[in-house]
Amino acid sequence: MLVKTYKSLFQKELSSLYDAMEIESFFFLILEQFRNLKRIDLALQPDLEFTEAEISQWNLVLEQLKIEIPIQYILGKTHFYGLEFQVNPNVLIPRPETEELVDWIIKTNSNGNLSPIKIIDIGTGSGCIAISLAKNLPNASVFALDVSKKALEIAQINALQNETKITFIENNILETTNFEQQFDVIVSNPPYVRNLEKAEIKKNVFENEPHLALFVADDNALLFYRKIAQIAMKNLQPSGQLFFEINQYLGKETLDLLADLGFQNIELRQDIYGNDRMISCRKETN
């Protein structure tokens with residue numbers, strides 16, 4: 001079968017679930033992984049064909065897309081901040097909003113000062129934050145903590161794949177009172193989706209991505225922020241920075257929490273979609 005013929009069938013089969021641009025993106029992501037062909041290759045070689053074995057392989061992927069398994073899990077990888085990461089259902093799929101948080105941290109800490117700094121990423125998941133920071137801040141010693149052993153296994157693979165040195169820690173931050181060392185930067189993208197917001201979560205996320213990394217109780221939505229901020233007060237160097245990705249509906253509450261704990265220079269930023277999404281603050285210097 002001609003590849004372009006199968007492409008038409010592929011689009012028709014998924015048209016009731018996804019928009020045309022998303023289906024087009026799926027098709028070429030799969031084509032690149034399975035045949036190492038890009039969009040331009042198909043345009044230049046319209047008579048390319050699939051073998052029967054290839055059609056069977058594509059049909060398996062198609063069936064998974066029909067039940068809304070994320071394409072990143074199907075292919076086992078995704079891209080984040082210019083790097084490739086392995087992903088599976090034990091870790092959240094990295095998102096563009098988190099790239100903005102990483103970019104903020106890098107720009108704040110790469111102003112020509114090459115003094116050694118220590119960074120810890122709490123709730124690292126796939127390791128996308130920690131690894132991107134290590135790759136782009138050569139003066140940084142980066143640590144990454146997660147409660148999930150399976151998540152850490154993926155993060156370790158990603159660190160090796162991206163040629164970065166990360167110190168991984170398996171621990172439950174909610175059961176942690178103190179770290180054994182001081183850090184210049186603490187960053188976290190903790191669970192922040194309240195149960196009352198589950199209706200807003202897309203089916204492919206809700207049914208496939210790890211709930212441990214997504215949801216918090218309605219009556220204690222800032223649980224992780226409070227705990228991490230309390231630890232940051234103990235384990236940040238004077239003038240050290242704390243960065244969070246936050247629930248878009250709880251920007252004011254998160255700001256108030258940090259102010260009440262004594263943080264200074266608190267800044268709230270919106271993401272590319274105009275939602276309150278990330279916060280930076282500093283520990284007092286004295």
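Rules used in this analysis
Residues numbered from 1 in each chain as written. Predicted model: local features only at pLDDT ≥ 70, side-chain atom pairs only at ≥ 80, totals over all residues. Heavy atoms only, no water. Helix = DSSP H or I, 4+ residues; strand = E, 2+ residues; numbered from the N terminus. Rg over C-alpha atoms; globule rule 2.2 N^0.38 Å. Buried < 20%, exposed > 50% of the residue type's maximum accessible area, 1.4 Å probe, protein only. Contact = heavy atoms within 4.5 Å. Areas by Shrake-Rupley, 256 points an atom, 1.4 Å probe, with all protein chains shown as cover. Polar contact = N/O pair within 3.5 Å; in protein donor to acceptor, adjacent residues only side chain to side chain. Pairing = 2+ DSSP bridges. Right-handed = clockwise from strand over helix to strand, strands pointing away. Salt bridge = Lys/Arg side-chain N within 4 Å of Asp/Glu carboxyl O. Axes fitted to C-alpha atoms, helices over the stretch in contact; angles between N-to-C directions.

*Asks:* Report on the overall build of the protein, specifying residues and quantitative values.
*Replies:* When helices and strands are counted, the protein shows 11 helices and 11 strands. Expected size for 286 residues packed as a compact globule is a radius of gyration near 19 Å; at 21 Å, the protein falls within 12% of this value. Each of the three principal axes of the protein carries a C-alpha extent, and together these read 70 × 40 × 35 Å. Per-residue burial for the protein yields a buried fraction of 47% across its 286 residues. In the protein, once contacts between residues fewer than 6 apart in sequence are set aside, the share between residues at least 24 apart is 66%. When the accessible surface of the protein is split by element, carbon and sulfur atoms take 49% of a total near 14200 Å².

*Asks:* Go over the environment of Ala229 with me, naming the residues and quoting the values.
*Replies:* Residue placement: Ala229 occurs in helix H10 (residues 223-235). The exposure class of Ala229 is buried, given its relative accessible area of 0%. Once the C-alpha coordinates of Ala229 and Leu196 are considered, the two residues, 33 residues apart in sequence, prove to be 24 Å apart. Discounting residues that sit within four places of it in the chain, Ala229 has contacts with Leu242, Phe244, Leu258, Leu261 and Phe263.

*Asks:* Describe the side chain of Asn109, listing the residues and the values that go with them.
*Replies:* When you line up the elements, Asn109 lands in the loop between helix H6 (96-108) and strand S3 (117-122). Taking the relative accessible area as the measure of exposure, Asn109 reaches 12% and is therefore buried. A distance of 2.9 Å separates a polar side-chain atom of Asn109 from the backbone oxygen of Ile105.

*Asks:* I'd like a rundown of the pairing of strand S5 (residues 166-170), residues and numbers included.
*Replies:* A regular strand places its side chains so that they alternate between the two faces of the sheet. When strand S4 (residues 140-146) meets S5, the two strands line up parallel, connected through five bridges. From the neighbouring strand, Val142 faces S5, where its bridge partner is Ile166. Since S4 and S5 lie parallel, the crossover through helix H8 (residues 149-161) that links them has a hand, and here it is right-handed.

*Asks:* Explain the pairing of S4 to me, and be specific about the residues and the numbers.
*Replies:* Counting buried positions along S4 gives six out of seven residues, so the element sits mostly inside the fold. Bridge count between S3 and S4: six bridges; the pairing is parallel. Within S4, the residue paired with Ile122 across the bridge is Leu145. The handedness of the S3 to S4 crossover, carried by helix H7 (residues 128-136), is right-handed.

*Asks:* Tell me about the pattern of salt bridges, and name the residues and values.
*Replies:* A complete count under the given rule lists 12 salt bridges for this structure. Its salt-bridge partner being Glu54, residue Arg35 comes within 3.1 Å of it at the nearest N-O pair. With Arg35 in helix H2 (residues 20-35) and Glu54 in helix H4 (residues 52-66), this pair connects stretches of sequence that are 19 residues apart. The partner of Asp271 in a salt bridge is Arg277, with the nearest N and O atoms 3.1 Å apart. Taken individually, Asp271 and Arg277 each receive the classification buried, so the pair is uniform in this respect.

*Asks:* Give me the lowdown on the sheet that holds S4, citing residues and values where you can.
*Replies:* Within a sheet, adjacent strands bond to each other through the backbone by hydrogen bonds, running parallel or antiparallel. As summarised here, the arrangement of the seven strands in space is S5-S4-S3-S6-S9-S11-S10, forming an open sheet in which the pairing is mixed. With one partner strand each, in any of the chains shown, S5 and strand S10 (264-270) form the two edges of the open sheet. Within this sheet the neighbouring strands show an average axis-to-axis angle of 15°, counted without direction. With five bridges joining them, strand S6 (residues 183-188) and strand S9 (residues 236-245) adopt parallel strand pairing. In the strand pairing of S9, Ser188 is matched with Phe244. Against the sheet, helix H11 (residues 251-260) contacts S9, S10 and strand S11 (276-282), and its axis sits at roughly 10° relative to S11.

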